[in-house]
Amino acid sequence: MIILRKLDLKSLCRMSRVNKRFNNLAQDHQLYTSLDIDCSAINANKALDYLAPRCEYLRRLDFSPCMSNYVQDFEKFLVIRGSLLTHLRLSTPSILFCSSINNITIMKISRICKNLKELDLRYCDLVQDKGFSYLENLEFLEYLNLTNTNIETETLCKILRRNIQMRHLCLAGTTYRLDVNKVIMELRNSCPDLESIDLWKMDTLTSQSIDALADCKNLRKLICWRTDIVKDHGDSFFRLFSSCQYLERVSLGLVSNLSERDLRGLTLCKNLKELTLTIPLSVEISHEIFVNCPKLEMIGPD
């Protein structure tokens, strides 16, 4: 059993064909607490039918539904084995592969998977705001990835109010439907333990929202790639960097309106490991960053 626990799913299935003894061992429910199913590589219909009897203790499921005819099979599997799930990833490998997950799927997830801590829905572009509203039924979410989805501001704020333990939030590419400043304000009020936020290509950040992020003292990762900032943001970034002492990764690539004082604030991030910038640093500031950030491992444009 120690050996079998180290095998991937494909190897485990092959092992079950050796003899009856190995077949019995390979059906042990403890071996199927975490599954990674790629619909583009296997027949998901047969895979889910094969796995359902073995997944009594399933906690983690990574299911990449590239083909629409797999959704009903997934929903059926969810009814049977989804009640104990804590981690669920339904993202597609790329925006080029449109997910077939829809509003009905999200409704079933919210009703069945009450213990979810992690939910990845990136590129699930068939889910509309009404579908996302079902997630308000969940209350233990710590990680939520909404990259390139259609969620709207009020719906997301309601989800955050219910899930006060939220630590990781990815909003990359949701710029057309979200008021990112209202969302950040809600994060400050409802999710003070936030550790990472991805604001890639979002609308203009105000000084108030930057100040709100500064109140998230546990922030470790900040992605603001291609994000605009209001011109009169004052000392907001300086306050952010001085307040969030746990910051390890900061990405400010192609960010407009950053001043020299903003950049000097980076010298206060004693735990900084990765820094992404596309604007030039003066020799003086570069020197200060290297001296004051001893844990720095990477600095560059990407």
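Residues numbered from 1 in each chain as written. Predicted model: local features only at pLDDT ≥ 70, side-chain atom pairs only at ≥ 80, totals over all residues. Heavy atoms only, no water.

A. Local environment of the overall build of the protein. Looking only at helices and strands, one finds 12 helices and 11 strands in the protein. Each principal axis of the C-alpha atoms in the protein carries an extent, and together these give about 70 × 40 × 30 Å. Taken across its 302 residues, the protein has 49% of its residues classed as buried. Excluding contacts between residues fewer than 6 apart, the proportion of contacts in the protein whose partners are at least 24 apart in sequence is 72%. Split by element, the accessible area of the protein, about 14500 Å² in all, is 49% carbon and sulfur. Side chains of the protein carry 40 positive and 37 negative charges; the gap between the two charge centres is 8 Å. (Helix = DSSP H or I, 4+ residues; strand = E, 2+ residues; numbered from the N terminus. Buried < 20%, exposed > 50% of the residue type's maximum accessible area, 1.4 Å probe, protein only. Contact = heavy atoms within 4.5 Å. Areas by Shrake-Rupley, 256 points an atom, 1.4 Å probe, with all protein chains shown as cover. Lys, Arg positive; Asp, Glu negative; His and termini not counted. Charge placed at Lys NZ, Arg CZ, Asp CG, Glu CD.)

B. The arrangement of the sheet that holds strand β7 (residues 196-198) in detail. Pairing within the open sheet is parallel, and its 11 strands lie in the order β1-β2-β3-β4-β5-β6-β7-β8-β9-β10-β11. For this open sheet the edge positions go to β1 (34-38) and β11 (298-300), each flanked by a neighbour on one side alone. Each strand of the sheet is rotated relative to its neighbour by a mean of 5°, with strand direction disregarded. Of the strand pairs in this sheet, strand β10 (residues 274-276) and β11 are connected by 3 bridges, and their pairing is parallel. Bridge pairing links Leu275 to Ile299 in β11. (Pairing = 2+ DSSP bridges. Axes fitted to C-alpha atoms, helices over the stretch in contact; angles between N-to-C directions.)

C. Structural detail: the pairing of β1. Only one face of β1 is covered, namely the one carrying Leu35 and Ile37; the face carrying Ser34, Asp36 and Asp38 has none of its residues buried. Pairing between β1 and strand β2 (residues 60-64): 5 bridges, direction parallel. Counterpart to Asp38 in the pairing with β2 is Ser64.

D. Structural view of the nonpolar core. In terms of nonpolar packing, the biggest core is built from 84 residues, with Leu61 and Leu240 touching the most fellow members. Ignoring any residue separated from it by four or fewer positions in sequence, one finds Leu240 in contact with Ile210, Leu213, Ala214, Leu219 and Leu222. (Core = buried A, V, L, I, M, F, W, Y, C linked by side-chain atoms within 4.5 Å.)

E. Representation of the packing of helix α8 (residues 180-190) against helix α9 (residues 207-214) in the model. At their nearest, the axes of α8 and α9 sit 9 Å apart, and the two run at 25° to each other. As summarised for this structure, α8 and α9 are arranged roughly parallel, according to the angle between their axes. As α8 runs across α9, the sense of the crossing is left-handed. On α9, the residues touching Asn181, Ile184, Met185 and Arg188 of α8 are Gln208, Ser209, Ala212 and Leu213. Of the residues in the contact of α8 with α9, the class split is 4 nonpolar, 3 polar and 1 charged. (Parallel < 35°, antiparallel > 145°, perpendicular 65-115°, else oblique. Left-handed = near helix turned anticlockwise from the far one by under 90°. Nonpolar A, V, L, I, M, F, W, Y, C, P; charged D, E, K, R; others polar.)

F. Representation of unusual backbone geometry. Backbone geometry places Tyr123, a non-glycine residue, at a positive phi of 65°. As for its position among the elements, Tyr123 is in the loop between β4 (118-120) and α6 (129-133). A positive phi angle is found at Asn148, which is not glycine, with a value near 50°. Note that Asn148 resides in the loop between β5 (143-145) and α7 (153-162). Judged by its relative accessible area of 23%, Asn148 is partly exposed.

G. Spatial organisation of the environment of Ile159. Structurally, the position occupied by Ile159 is in helix α7. Judged by relative accessible area, which is 0%, Ile159 ranks as buried. Ile159 sits 44 residues away from Asn115 along the chain, and the two C-alpha atoms are 15 Å apart. Ile159 has contacts with Phe132, Leu135, Glu136, Leu141, Leu144 and Ile151, leaving out every residue within four places of it along the chain.

H. Highlighting the packing of α7 against α8. One way to put it is that α7 packs onto α8 with a least axis distance of 9 Å and a crossing angle of 10°. Here α7 lies roughly parallel to α8, going by the angle between them. Contacts from Thr153, Leu156, Cys157, Leu160 and Arg161 in α7 reach Lys182, Val183, Glu186, Leu187 and Ser190 in α8. For the contact of α7 with α8, the residue count by class is 5 nonpolar, 2 polar and 3 charged.

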